[in-house]
Amino acid sequence: MTPNSTGRRLMVIVDEDAVFHHKPMYTEILRRAHDAGLAGASVFRGIEGFGSTGRVHTNRILSLTANLPAMIIIIDSQERIANFLPQLDELEVRGVVA
């Protein structure tokens, strides 16, 4: 991707305690994005949220709820992002991919 090209953003949201071969899923996705030579990727940890169950997860000290969301943002060209999507299928990602 060049500085003047149009980039695309791939957003993947998984539970922070989701694992792949005993490692965090977000770490595996980031590693694969790096190995694929994508332009950039970052992982962000959610501080509060809820999903399809409607149960609120929070990191507030009074709450012992775990399983907060982890969001992986990957940036590259539309073509390279499209070529990377089968990696997520291979990982059987359970979460949101947008």
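Presented here is an overview of the structure given in this document. Here the structure is a predicted model, which is why all the values come from computation and not from measurement.

### Regarding the environment of Gly95
Right, on to step 1. Structurally, the position occupied by Gly95 is in the loop between helix H2 (78-91) and strand S8 (96-97).
Right, on to step 2. Gly95 sits in the partly exposed class, given a relative accessible area of 47%.
Right, on to step 3. Separated by 44 residues in the primary sequence, Gly95 and Gly51 place their C-alpha atoms 9.5 Å from one another.

### Remarks on the sheet that holds strand S4 (residues 40-45)
In any sheet, the strands associate via hydrogen bonds between backbone groups, in a parallel or an antiparallel arrangement.
Right, on to step 1. Pairing is antiparallel in the open sheet, where four strands are placed in the order S4-S7-S1-S8. Edge positions in the open sheet fall to S4 and S8, since each of these has one partner strand only.
Right, on to step 2. Two strands pair when backbone bridges link them, and strand S1 (residues 8-15) and S8 are joined in this way by two bridges, in the antiparallel orientation. Bridge pairing in S8 places Ile13 opposite Val96.
Right, on to step 3. Here H2 sits on the sheet in contact with S1, strand S7 (69-76) and S8, set at roughly 20 degrees to S1.

### Some thoughts on the nonpolar core
Right, on to step 1. Core analysis: the largest hydrophobic core is formed by 16 residues, its most contacted members being Val12, Ile29, Ile74 and Val93.
Right, on to step 2. Those elements giving two or more residues to this core turn out to be S1, helix H1 (25-35), S7 and H2.
Right, on to step 3. Per-element tally for this core: the top contributor is H2, with four residues.

Conventions we followed
- Residues numbered from 1 in each chain as written.
- Predicted model: local features only at pLDDT ≥ 70, side-chain atom pairs only at ≥ 80, totals over all residues.
- Heavy atoms only, no water.
- Helix = DSSP H or I, 4+ residues; strand = E, 2+ residues; numbered from the N terminus.
- Buried < 20%, exposed > 50% of the residue type's maximum accessible area, 1.4 Å probe, protein only.
- Pairing = 2+ DSSP bridges.
- Contact = heavy atoms within 4.5 Å.
- Axes fitted to C-alpha atoms, helices over the stretch in contact; angles between N-to-C directions.
- Core = buried A, V, L, I, M, F, W, Y, C linked by side-chain atoms within 4.5 Å.

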